[in-house]
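# Coordinates in review
Take a look at the letters that make up each chain.
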Amino acid sequence: MLGARDLRQRYAGRTVVDVPSLDLEPGTVTALVGPNGSGKSTLLRLLAFVESPAEGTVLLRGRPVQTAAARRAARRDVTLVEQHPLLFAMTVAENLRYALTARRQRDPDAAGRILQALDRVGVADLANRAARQLSAGELQRVALARALLLRPRALLLDEPASAADRGARSALAEVLTALHKEEVTVCLASHQLEDAYRWSSRVLALADGRLAPVTPENLFRVTLPPGGGPRVVRAGPLEFLVVTETSGPATLAISPDDIIVSTAALQSSARNQFAGGVVAVSDDGHGHVRLVVDVGTPLVVRITPAALAELGISLGTRVHLSVKAMAVRVI
């Protein structure tokens, strides 16, 4: 449905998005994760035809969209809900009706469609509320309702739960399930890994505008000192021994499968060792257990259910993590 080839965007001469290839299929929910400044919002704006790329092409139904007229036409099928959406100084219902007018969607049952869209996200009672009186969470839900009203074939969501309470999260989960059944393509950006895994069938990591060739957990933006070979690099409160010929700005990536967990310090060749407490335990949906261990910053570890039982790990358990220097990838 939606894709990109050799897509690049630059601001003030700096490359903020560099994606050689991306395909988003109908009925799928893809999550983009990464730290602030990693390029998630810019990539969504490019895919939504809100911005024009410096280089490369965005594809809709397999065809390149390159002219201004083609981008305007494509926006009828692709809708972006930004993290801080804009509503006009009118009622909620009037804002949604204006969206229909702007898209030239004339419908004798527009009032019914508007209430149905608001009801899908649990805010039908806000229809006559002044939009400028909404809370941040209510504003996000109304913006999502406005997007659903337009019946897009691709829906892009930028941090859709950043201001959400439990009810809003539940409503969003129901909407994503329904969109999957309706064969709508969904791509959402989130800095919360738990949300990304909960809501999507595919998780992609962005680091410095590039899709990382590793799982999205345990990414650290660092500055590598000059030189080559083994070097100690500080990443927040942690220090890692890495082996690389690279220097300057970079991203460290550690696969959760490459971290050894134990309940006592190990005598091993792994030079990177950290102690901390388990703050989350969950099923990763693929037959393994996902642990989040606070070692001054969260580190994600993946182990088998048998290992979890054997080590007797639960919330609050103190554990030791070991990572070999060669397992710390520089990207």
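That block above? That's the structure.
What this report covers is the structure whose coordinates are included nearby. No experiment lies behind these values; they were computed from the predicted model shown.

On to the packing of aromatic side chains. Here the structure, examined in full by the defined rule, presents 3 aromatic pairs. Between Phe 88 and Tyr 98 the ring centres are 5.1 Å apart and the planes differ by 75 degrees, which places this aromatic pair in the edge-to-face class. Here Phe 88 is found in the loop between β6 (78–81) and α3 (92–102), whereas its partner Tyr 98 is found in helix α3, with 10 residues between them in sequence. A residue is classified by how much of its surface remains accessible, and Tyr 98, at 43% relative accessible area, is partly exposed. Each ring, one from Phe 220 and one from Phe 240, has its centre 5.5 Å from the other, and the planes form 45 degrees; the classification is tilted. Taken together, the positions of Phe 220 in strand β11 (residues 219–224) and Phe 240 in strand β13 (residues 238–244) put the pair 20 residues apart, joining distant regions of the chain.

Formed by 45 residues in total, the largest nonpolar core has its most connected members in Leu 96, Leu 118, Val 142, Leu 155 and Leu 157. The dominant element in this core, judged by the number of residues it contributes, is helix α5 (residues 136–149), at 7 residues. The contacts of Val 142, once residues within four sequence positions are left out, are Leu 87, Val 92, Leu 96, Val 123, Leu 126 and Leu 134. The next biggest cluster of nonpolar side chains, apart from the first, holds 29 residues, and it includes Phe 220, Leu 224, Leu 238 and Phe 274.

Turning our eyes to something else, we now look at the pattern of salt bridges. If you walk through the whole model with that rule in mind, you get 12 salt bridges. In this structure, the salt-bridge partner of Arg 10 is Glu 55, at a minimum N-O distance of 2.6 Å. With Arg 10 in strand β1 (residues 2–11) and Glu 55 in strand β4 (residues 55–60), the pair connects residues that are 45 residues apart, well separated along the chain. Between Asp 18 and Arg 210 there is a salt bridge, and its shortest N-O distance comes to 3.8 Å. Here Asp 18 is found in strand β2 (residues 14–24), whereas its partner Arg 210 is found in strand β10 (residues 210–211), with 192 residues between them in sequence.

A word on unusual backbone geometry. Negative phi characterises most residues that are not glycine, and trans characterises most peptide bonds. Positive phi is not limited to glycine here, since Ala 12 has a value of about 50 degrees. Tracing the backbone shows Ala 12 in the loop between β1 and β2. Even without being glycine, Phe 49 reaches a positive phi, approximately 65 degrees. Residue position: Phe 49 is located in the loop between α1 (40–47) and β4.

Let us now look at the sheet that holds β11. Strand order in the open sheet made by the 3 strands is β11-β14-β20, with antiparallel pairing throughout. Every interior strand has two partners, whereas the edge strands, β11 and β20 (328–330), have only one. Across the sheet, the mean angle separating the axes of adjacent strands is 35 degrees when strand polarity is ignored. Both β11 and strand β14 (residues 248–254) contribute to a ladder of 6 bridges, which runs antiparallel. Within β14, the position partnered with Leu 224 by the bridge is Gly 248.

Below, the discussion takes up the sheet that holds strand β15 (residues 260–262). In space, the 5 strands of this open sheet follow the order β15-β19-β16-β17-β18, with antiparallel pairing throughout. Since the sheet does not close on itself, it has two edges, and those belong to β15 and β18 (298–303), each with one partner. Ignoring strand direction, the axes of neighbouring strands in this sheet form an average angle of 40 degrees. Sheet topology places strand β16 (residues 272–283) next to strand β17 (residues 289–294); 6 bridges connect them, and they run antiparallel. By the bridge assignment for β17, Val 281 is matched with Leu 291.

Our focus in this paragraph is the environment of Val 292. Here Val 292 lies in strand β17. On the basis of relative accessibility, which here comes to 11%, the residue Val 292 falls in the buried class. Separated by 14 residues in the primary sequence, Val 292 and Val 278 place their C-alpha atoms 5.9 Å from one another.

We now examine helix α6 (residues 166–181). Side chains that are three or four residues apart share a direction in an α-helix, a result of its 3.6 residues per turn. Between its terminal C-alpha atoms α6 stretches 23 Å, which fits the 22 Å expected from 16 residues at 1.5 Å a residue. Listed in full, the buried residues belonging to α6 are Ala 168, Ala 171, Leu 172, Val 175, Leu 176 and Leu 179. Down the axis of α6, the smallest arc covering the buried residues is 140 degrees, so these residues share one side. Structural note: α6 exposes Arg 166, Glu 174 and Lys 181 on the side pointing more than 90 degrees away from its buried face. Two residues or fewer past α6, Glu 183 is found with a positive phi of approximately 65 degrees.

Let us now look at the side chain of Arg 146. Looking at the element boundaries, Arg 146 is found in helix α5. There is no salt bridge for the buried Arg 146, and the closest opposite charge comes from Glu 82, which lies 8.0 Å off by N-O distance. Among the polar contacts listed, one links the side chain of Arg 146 to the backbone oxygen of Leu 86, at a separation of 3.1 Å. Among all residues touching Arg 146, those that are not within four sequence positions of it are Pro 85, Leu 86, Leu 87, Asn 95, Leu 96 and Ala 99.

What counts, and where the lines are drawn
- Residues numbered from 1 in each chain as written.
- Predicted model: local features only at pLDDT ≥ 70, side-chain atom pairs only at ≥ 80, totals over all residues.
- Heavy atoms only, no water.
- Phe/Tyr/Trp six-rings, centres within 6.5 Å; stacked < 30°, edge-to-face > 60°.
- Helix = DSSP H or I, 4+ residues; strand = E, 2+ residues; numbered from the N terminus.
- Buried < 20%, exposed > 50% of the residue type's maximum accessible area, 1.4 Å probe, protein only.
- Core = buried A, V, L, I, M, F, W, Y, C linked by side-chain atoms within 4.5 Å.
- Contact = heavy atoms within 4.5 Å.
- Salt bridge = Lys/Arg side-chain N within 4 Å of Asp/Glu carboxyl O.
- Pairing = 2+ DSSP bridges.
- Axes fitted to C-alpha atoms, helices over the stretch in contact; angles between N-to-C directions.
- Expected span 1.5 Å × (residues − 1).
- Arc of directions from axis to C-beta.
- Lys, Arg positive; Asp, Glu negative; His and termini not counted.
- Polar contact = N/O pair within 3.5 Å; in protein donor to acceptor, adjacent residues only side chain to side chain.

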